[in-house]
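Now for the letters of each chain:
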Amino acid sequence: MAAISRDDVAHLAKLARVEMTPDELDHMAVELEQILGAVKRVQEVATADIPPTSHPLSMSNIFRDDVVKPSLTNEEALSGAPAKAEDRFKVPQILGEE
Amino acid sequence: MTLDYKSATEKFEPTLGLEVHVELNTNSKMFCSCATEFGASPNTQTCPVCLGLPGALPVVNGKAIESTILIGLALNCSIAPYSRFARKNYFYPDMPKNFQTSQYDEPICVDGYLDVEIETEDGPKTFRVDIERVHMEEDTGKSLHVGGATGRIHGAEYSLLDYNRAGIPLVEIVTRIIPGTGKYAPQVARAYVTQLRDILRALGVSDVKMEQGSLRCDANVSLAPIGSGILGTRSETKNVNSLRSVERALTGEIERQANRLEAGERIIQETRHFLEESGLTRPGRSKEQAEDYRYFPEPDLVPVTPDAKWIEELRAKLPENPADRRKRLQKEWNVPDAEMTSLINAELMDVVEETIKLGAEPTRARTWWLGEISRLANEKEVAPTSLITTAFVAEIIALISSGDLTDKLARQVVEGVVSGEGSPAEVIEKRGLKVVSDDSALMVAIEAAIAAQPDTAERIRGGNIPAVGALIGAVMKATGGQADAAKVRELLLRHLGQG
Ligand SMILES: [Zn+2]
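Residues numbered from 1 in each chain as written. Chains lettered and ligands numbered in written order. Predicted model: local features only at pLDDT ≥ 70, side-chain atom pairs only at ≥ 80, totals over all residues. Heavy atoms only, no water.

K.L.:
What exactly am I supposed to notice about the overall build of chain A here?
P.N.:
Helices and strands together make up the secondary structure of chain A, namely 3 helices and 3 strands. Taking 98 residues into account, the globule formula puts the C-alpha radius of gyration at 13 Å, and chain A, at 22 Å, lies well above it. By principal-axis analysis of the C-alpha atoms, chain A measures approximately 50 × 45 × 25 Å. Within chain A, buried positions represent 20% of all 98 residues. For chain A, the computed accessible surface area is about 7400 Å², with 59% contributed by carbon and sulfur atoms. Of the side-chain charges in chain A, 10 are positive and 18 negative, and the distance between the mean point of each set is 4 Å. (Helix = DSSP H or I, 4+ residues; strand = E, 2+ residues; numbered from the N terminus. Rg over C-alpha atoms; globule rule 2.2 N^0.38 Å. Buried < 20%, exposed > 50% of the residue type's maximum accessible area, 1.4 Å probe, protein only. Areas by Shrake-Rupley, 256 points an atom, 1.4 Å probe, with all protein chains shown as cover. Lys, Arg positive; Asp, Glu negative; His and termini not counted. Charge placed at Lys NZ, Arg CZ, Asp CG, Glu CD.)

Right under this line is the structure:
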């Protein structure tokens, strides 16, 4: 895997809506590189006969029946919201997207 | 604009691509047991799973998987023996989890097709639309942008979120690019969405109401000079929420692109929004910076691995393809094209079929639904099917066929049923609408008519058959219009020695 560049970190920061200073970008590029290096060791044992997995248990087709169960009340749903209005979650203006 | 649609398509060749999103009509959401009812008050159908609260664990709705496989089979797709969900990461408050659970490189259904027929100048022509994939995902919440003049995001002071819709099962059906439609591109697109809607409705997997957003279409189109063999830059028009709009949006977009190209400008790859009032599109988000959703397999969900037995069980449940069914019924009923089109446009084919199944004579079933019942529905501005049941219509038609009701009386019965006076039998009873068919009762009226017009009676006896009209009129008047005119004529002529 290619090294993590400062530009990669800047791109990720933008996607994650995290503001970072130039110093922080430099610092994070080094740190992420180290983390990736550690994780990379997994690839050493991931040979062709070990299929990639996304779940710790080898299960499939776990389904529920299509049955409605009670939801939260409006008050409960909004109880953790930092801001609310008109029975809805209130969020800051959304910029740059439609 | 300098190029109109006709000249635009004489110079440029459009290439289409269509993405249709359909909300399934399951009772509960995709990954949690919240209800999915349309129009519930805001944030009353949410739970820790669909609100993305920490520690919540999603579980797949089996019915939704079944519906998706059915859709895939109806669209001639292969069903993947192994497929997985993936997280589509993005920051936008319509998904409280900051990702949408979707499918990425392992969709449930792949490689299908749908043949759509349109009317061209050279008669009906069939286009094969290749389906690239059918995958499962979840719908997003609804945003309300407050402040600003237009209700658009730009200039809004804040947004309000209702997550009732977040997590409703959503199936995305993606075509491959559709080349070679030429100037018929907008009609092919409309026919495709129409046929898809009919299939989804026949499968019973969705309400397919475009105006409520349970069926939505994004239309991609690009232009290239005819014969150039190159593929132009495409735009994607979103929010197209009626069949007519699919056609209008593409017509407008083809004109717009052609004029830009004609003026030497380039097409920007972007998302555009359809404006219902003007039929034009306006630019939305530019896709110049490629989207980066950082998809990865959803670790909270296990793979879906439908076995052949399950798939074949579902295949056996597939209803007849609606387009084939239409052709079959048209043949069985022996209906001219124009009338069949009227039936389909009025969405009356199903009820007519049902009415016929209940024993009604086919021509009468069609005439009553398309005629009197549609007329009343028009007056009341409701759907014909909401006025009267197929069973009642079949009952009334049976009474016409047996001679117990004339068309005129039957109209009164229909009107009575529609105004809530009860069943046809009750309306007939209450309004006293039965045809006077008792010969002896009729004979009294006939004798009276002959006695009142002896000259006319004499002319008929002498062979002047058409003169019987005057006597029929008199008998009908005497019986309050409740006699069968044909029967009256027969009795009169027989009585006057002409039968
Ligand atoms: Zn929920």
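K.L.:
Quick question: what am I supposed to make of the domain arrangement of chain B here?
P.N.:
One frequently used descriptor of interface size is the decrease in accessible area upon assembly of the parts. When its domains are assigned, chain B resolves into domain 1 (5-313), domain 2 (320-431) and domain 3 (439-495). Domain 2 of chain B and domain 3 of chain B are separated by 33 Å when their C-alpha centres are compared. (Domains from an automatic or database assignment.)

K.L.:
What is the right way to look at the sheet that holds strand β8 (residues 142-146) of chain B in this model?
P.N.:
Strand pairs in the sheet, formed through backbone hydrogen bonds, run parallel or antiparallel to each other. One open sheet accounts for 4 strands, arranged β2(A)-β3(A)-β9(B)-β8(B); its pairing is antiparallel. Two strands bound the open sheet, and with one partner strand each, they are β2 (84-85) of chain A together with β8 of chain B. In terms of strand pairing, β8 of chain B meets strand β9 (residues 158-162) of chain B through 5 bridges, oriented antiparallel. Bridging across to β9 of chain B, Val-146 of chain B finds its partner in Tyr-158 of chain B. (Pairing = 2+ DSSP bridges.)

K.L.:
In this structure, what is going on with the pairing of strand β1 (residues 12-23) of chain B? I would like to understand it.
P.N.:
The two faces of the sheet receive side chains in turn, since in a regular strand these alternate between them. Residues and elements named next belong to chain B. Burial of β1 is extensive: 11 of the 12 residues sit out of reach of the surface. Here 5 bridges tie β1 to strand β10 (residues 169-175), and the two strands are oriented antiparallel to one another. Note on β10: the bridge partner recorded for Glu-23 is Leu-170.

K.L.:
What's the story with the nonpolar core in this structure? I'm lost.
P.N.:
Generally speaking, nonpolar side chains in soluble globular proteins are found buried as a group. Residue and element names in this part refer to chain B. Membership of the largest hydrophobic core comes to 73 residues, with the highest contact counts inside it found for Ile-65, Ile-71, Leu-75, Ile-173 and Tyr-192. Top contributing element to this core by residue count: helix α3 (residues 185-203), with 10 residues. Once residues lying within four places of it in the same chain are set aside, the contact partners of Leu-75 are Gly-112, Tyr-113, Leu-114, Ile-131, Val-134, Ile-173, Leu-196 and Ile-199. With 36 residues, the next largest nonpolar core counts Leu-329, Ile-397, Leu-409 and Ala-410 among its residues. (Core = buried A, V, L, I, M, F, W, Y, C linked by side-chain atoms within 4.5 Å. Contact = heavy atoms within 4.5 Å.)

K.L.:
Is there a simple way to explain the coordination of the zinc ion in this structure?
P.N.:
Six octahedral donors around a metal ideally subtend angles of 90 or 180 degrees, whereas four tetrahedral donors ideally subtend 109.5 degrees. Residue and element names in this part refer to chain B. Taken together, the protein donors to the zinc ion comprise Cys-32 (SG), Cys-34 (SG), Cys-47 (SG) and Cys-50 (SG), at separations of 2.3 to 2.4 Å. Angles of 100 to 116° at the metal separate the 4 donor atoms of the zinc ion, which places the site in the tetrahedral class. Sequence positions of the donors to the zinc ion reduce to the motif C-x1-C-x12-C-x2-C. Here Cys-32 is found in the loop between β1 and β2 (60-61), whereas its partner Cys-50 is found in the loop between β1 and β2, with 18 residues between them in sequence. With a relative accessible area of 5%, Cys-32 lands in the buried category. By relative accessible area, which is 7% here, Cys-50 ends up buried. (Donors = N, O, S within 2.8 Å, 3.2 Å for Na, K, Ca; no water. Tetrahedral: all angles 85-135°; square planar, octahedral: opposite > 155°, others 65-115°.)

K.L.:
Is there a simple way to think about the interface of chain B and chain A in this case?
P.N.:
On the chain A side, the residues contacting the 56 residues of chain B number 36 residues. Interface area, chain B with chain A, both sides summed: about 4100 Å², of which 56% is carbon and sulfur. The largest contributions to the chain B side of the interface with chain A come from Ser-33, Phe-91 and Val-302 of chain B, which together make up 14% of the buried area. Inspection of the region where chain B meets chain A yields 20 residue pairs in polar contact (both at pLDDT 80 or more). If you list the elements that add at least two residues to the side of chain B that touches chain A, you get β2, α2 (62-74), β8, β9 and β14 (281-286) of chain B. Looking at the side of chain B that touches chain A element by element, the count peaks at 5 residues for β9 of chain B. In the side of chain B that touches chain A, the residues fall into 30 nonpolar, 16 polar and 10 charged. For strand β1 (residues 63-64) of chain A and β2 of chain B, the ladder comprises 2 bridges, and the chain directions are parallel. Note that in β2 of chain B the partner of Arg-64 of chain A across the bridge is Asn-61 of chain B. (Buried area = accessible area lost by both parts, 1.4 Å probe. Polar contact = N/O pair within 3.5 Å; in protein donor to acceptor, adjacent residues only side chain to side chain. Nonpolar A, V, L, I, M, F, W, Y, C, P; charged D, E, K, R; others polar.)

K.L.:
Where do I start with unusual backbone geometry in this structure?
P.N.:
Across residues other than glycine, the phi torsion is negative in most instances, and most of the peptide bonds are trans. Residue and element names in this part refer to chain B. Here the phi dihedral of Asn-43 falls at roughly 55°; this positive angle occurs in a residue that is not glycine. Residue placement: Asn-43 occurs in the loop between β1 and β2. The exposure class of Asn-43 is buried, given its relative accessible area of 0%. With a phi angle near 45°, Arg-294 is a residue other than glycine that sits in the positive phi range. Among the structural elements, Arg-294 can be located in the loop between β14 and β15 (296-297). For Arg-294, a relative accessible area of 27% corresponds to the partly exposed category.

K.L.:
Explain the confidence of the model for chain B to me, please; I cannot follow it from the model alone.
P.N.:
As a note on interpretation, predicted positions should not be read in detail where pLDDT is low. On average, residues of chain B score 90 in pLDDT, and 96% of them are at 70 or above. This complex was scored by the predictor with a pTM of 0.79 and an ipTM of 0.82. (pLDDT = per-residue confidence, 0-100.)

K.L.:
Is there a simple way to explain the sheet that holds β15 of chain B in this structure?
P.N.:
Taken together, 3 strands build an open sheet; the order of strands is β5-β4-β15 (chain B) and the sheet is antiparallel. At either margin of the open sheet sits one strand with a lone partner, and together these are β5 (99-102) and β15 of chain B.

K.L.:
Where do I start with the layout of surface pockets in this structure?
P.N.:
Where empty space is left becomes clear once a probe the size of a water molecule has been rolled over the atoms. Residue and element names in this part refer to chain B. For the second largest pocket, the calculated volume is near 1300 Å³. For the second largest pocket, the lining is made up of 39 residues, of which Glu-117, Ala-191, Thr-194, Gln-195 and Arg-326 are closest to its centre. Of all elements in the fold, only β6 (109-120), β7 (123-138), α3, α4 (243-262), α6 (322-333) and α7 (337-345) reach the threshold of two or more residues within the lining of the second largest pocket. Examining the composition of the lining of the second largest pocket, we find that 9 residues originate from one element, α3, more than from any other. For the lining of the second largest pocket, a count of residues per class yields 16 nonpolar, 9 polar and 14 charged. The residues that make up the lining of the second largest pocket include at least three from each of domain 1 (5-313) and domain 2 (320-431). (1 Å grid on protein atoms, 1.4 Å probe; cavity = no way out; pocket = protein on both sides within 12 Å on 5 of 7 lines; lining within 4 Å. Points joined across faces, edges and corners; volume = space filled by probe spheres on them.)

K.L.:
Help me understand the packing of aromatic side chains in this model?
P.N.:
Each aromatic ring pair is summarised here by two numbers: the centre-to-centre distance and the angle between the ring planes. Enumeration over the complete set of coordinates arrives at 6 aromatic pairs over all chains. For the ring pair Phe-63 of chain A and Trp-310 of chain B, a centre distance of 5.9 Å and an interplane angle of 45° mean the geometry is tilted. Here Phe-63 of chain A, found in strand β1, pairs with Trp-310 of chain B, found in helix α5 (residues 308-316), and the two come from separate chains. Given the relative accessible area of 27%, Phe-63 of chain A is considered partly exposed. Taking 6.2 Å as the distance between ring centres and 75° as the angle between the ring planes, the aromatic pair formed by Tyr-90 of chain B and Tyr-293 of chain B counts as edge-to-face. Here Tyr-90 of chain B, found in the loop between β4 (86-89) and β5, pairs with Tyr-293 of chain B, found in the loop between β14 and β15; they are 203 residues apart in sequence, far enough to count as distant. Note on accessibility: Tyr-90 of chain B and Tyr-293 of chain B belong to one class, buried. Ring-pair connections join several aromatic residues into one group, and the members of that group are Tyr-90, Tyr-104, Tyr-293 and Tyr-295 of chain B. The aromatic ring of Tyr-293 of chain B is capped on one face by Lys-88 of chain B, whose charged end is 4.5 Å from the ring centroid. A cation sits over an aromatic face here: Arg-128 of chain B above Tyr-113 of chain B, 3.7 Å from the ring centre. (Phe/Tyr/Trp six-rings, centres within 6.5 Å; stacked < 30°, edge-to-face > 60°. Lys NZ or Arg CZ within 6 Å of the ring centre and 35° of its normal.)

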